[in-house]
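Working through the structure, step by step
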Amino acid sequence: AIFSCDTLGNFGEIASLDASTVGIYITHNLIEINNILYGTTESGGPLGNDGVLFSCDTLGNIGVLGGFTSLAGSQPQGVILASDGYLYGQTLSPNPKIYKILPNGNNFTIIHNFSLPAGGIGNLVEGSDGFFYGFNYVTGGIGLYKINSDGTQYYQIHNFGPNVGNIGRPLVETKPGLFYGSV
């Protein structure tokens with residue numbers, strides 16, 4: 001369910017999720033742009049059982065911006081609004097991708113296809129250098145990568161190895177070029 005709650009505890013359900021249309025199990029964060037909430041579900045949706053990217057206004061009107069499939073990447077991991085006005089996200093499996101889409105649902109573009117087993121984990125973070133940073137599965141453990149907005153520059157910048165627990169989400173850039181995270 002999507003809800004609102006004020007500081008006094010006044011709670012209200014705005015919308016409930018349906019597996020066949022919007023999907024279920026919201027992944028990670030909701031973001032707000034001009035009184036519209038955006039998020040992802042990890043399963044369900046109109047294209048099968050692989051999740052959707054959705055919008056929801058504060059009155060509970062839900063729209064599907066894009067559905068995912070096992071061929072085009074499934075289990076979307078949350079979205080961020082980047083400085084170029086696009087929503088960016090990544091999918092976990094079985095054909096993991098990094099994608100961007102405008103908030104109105106136009107211009108869906110896959111900017112990177114991960115090589116297995118490198119599915120994306122969690123939200124991306126836009127760095128002050130214009131690159132996006134994220135966690136992914138790599139051979140032998142968990143990795144950290146960076147990629148530019150059109151996908152032409154992808155770099156695996158660290159491999160944490162096989163003895164890493166869960167990924168802390170998301171990274172935090174405290175000053176230009178310095179990120180903190182947890183594993």
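Here the structure is shown first, and the text comes after it.
This report concerns the structure included in the present document. (Residues numbered from 1 in each chain as written. Predicted model: local features only at pLDDT ≥ 70, side-chain atom pairs only at ≥ 80, totals over all residues. Heavy atoms only, no water.)

Scanning the chain for helices and strands turns up zero helices and 16 strands. At 16 Å, the chain has a C-alpha radius of gyration in line with the 16 Å of a compact globule built from 183 residues. Here the C-alpha coordinates of the chain stretch approximately 45 × 40 × 30 Å along the principal axes. Taken across its 183 residues, the chain has 44% of its residues classed as buried. Sequence-distant contacts, at least 24 apart, represent 35% of the contacts inside the chain between residues at least 6 apart. When the accessible surface of the chain is summed, it comes to about 9,000 Å², and 52% of that surface belongs to carbon and sulfur atoms. Mean positive and mean negative side-chain charge positions of the chain (5 and 12 charges, respectively) differ by 15 Å. (Helix = DSSP H or I, 4+ residues; strand = E, 2+ residues; numbered from the N terminus. Rg over C-alpha atoms; globule rule 2.2 N^0.38 Å. Buried < 20%, exposed > 50% of the residue type's maximum accessible area, 1.4 Å probe, protein only. Contact = heavy atoms within 4.5 Å. Areas by Shrake-Rupley, 256 points an atom, 1.4 Å probe, with all protein chains shown as cover. Lys, Arg positive; Asp, Glu negative; His and termini not counted. Charge placed at Lys NZ, Arg CZ, Asp CG, Glu CD.)

Within the fold, leucine 124 resides in strand β11 (residues 120–126). Sequence-wise, leucine 124 and isoleucine 2 are 122 residues apart; in three dimensions their C-alpha atoms are separated by 22 Å. When residues no more than four places from it in sequence are discounted, the contact partners of leucine 124 are Ile80, Tyr88, Gly89, Gln90, Ile98, Tyr133, Gly134 and Tyr145.

Of note, asparagine 35 is a non-glycine position whose phi angle comes to about 65 degrees, a positive value. Residue position: asparagine 35 is located in the loop between β3 (24–33) and β4 (36–43). Look at asparagine 35 and you get exposed, because its relative accessible area is 52%. Notably, asparagine 107 is not glycine yet its phi reads approximately 60 degrees, a positive angle. Take asparagine 107: its relative accessible area is 44%, and that puts it in the partly exposed class.

Turning next to the side chain of asparagine 136. Turning to its location among the elements, asparagine 136 is positioned in strand β12 (residues 132–138). At 3.2 Å, the side chain of asparagine 136 and the side chain of tyrosine 154 are in polar contact. (Polar contact = N/O pair within 3.5 Å; in protein donor to acceptor, adjacent residues only side chain to side chain.)

The subject of this paragraph is the nonpolar core. Formed by Ile80, Ala82, Tyr86, Tyr88, Ile98, Ile111, Phe114, Leu124, Phe132, Tyr145 and Ile147, the largest nonpolar core amounts to eleven residues. Not counting residues up to four positions away in its chain, the partners in contact with isoleucine 111 are Tyr88, Ile98, Tyr99, Lys100, Ile147, Asn148, Ser149, Asp150 and Gly151. (Core = buried A, V, L, I, M, F, W, Y, C linked by side-chain atoms within 4.5 Å.)

A surface patch of nonpolar side chains, about 270 Å² in accessible area, is lined by Val172, Leu178 and Tyr180. If you trace the backbone, tyrosine 180 turns up in strand β16 (residues 178–180). (Patch = residues over 30% accessible without salt bridge, like charges linked within 9 Å, V, L, I, M, F, W, Y side chains within 5 Å. Salt bridge = Lys/Arg side-chain N within 4 Å of Asp/Glu carboxyl O.)

A separate point is the sheet that holds strand β14 (residues 154–161). Taken together, the four strands give an open sheet; going across it, the order is β11-β12-β13-β14, and neighbouring strands pair in antiparallel fashion. A single partner strand is all that each edge strand has here, and the edge strands are β11 and β14. Across the sheet, the axes of successive neighbouring strands diverge by a mean angle of 25 degrees, strand direction being ignored. Examined bridge by bridge, β12 and strand β13 (residues 141–147) share seven bridges and lie antiparallel to one another. (Pairing = 2+ DSSP bridges. Axes fitted to C-alpha atoms, helices over the stretch in contact; angles between N-to-C directions.)

Attention now goes to the packing of aromatic side chains. The tally for this structure, following the rule as stated, stands at ten aromatic pairs. Relative to phenylalanine 108, the ring of tyrosine 99 lies with its centre 5.6 Å away and its plane at 25 degrees, an arrangement referred to as stacked. Ring geometry for phenylalanine 131 against tyrosine 155: centres 6.3 Å apart, planes inclined by 55 degrees, an arrangement best described as tilted. Here the residue phenylalanine 131 occupies a position in the loop between β11 and β12, and tyrosine 155 occupies one in strand β14, the gap between them amounting to 24 residues. On the basis of relative accessible area, tyrosine 155 is assigned to the partly exposed category, the value being 38%. Taken together through their ring pairs, the aromatic side chains of Tyr86, Tyr88 and Phe132 make up a single cluster. Across from the ring centre of tyrosine 86, 4.7 Å away, lies the NZ or CZ of lysine 100, which sits over that ring. Stacked on the ring of phenylalanine 131, the Lys or Arg lysine 146 has its end atom at 4.6 Å from the ring centre. (Phe/Tyr/Trp six-rings, centres within 6.5 Å; stacked < 30°, edge-to-face > 60°. Lys NZ or Arg CZ within 6 Å of the ring centre and 35° of its normal.)

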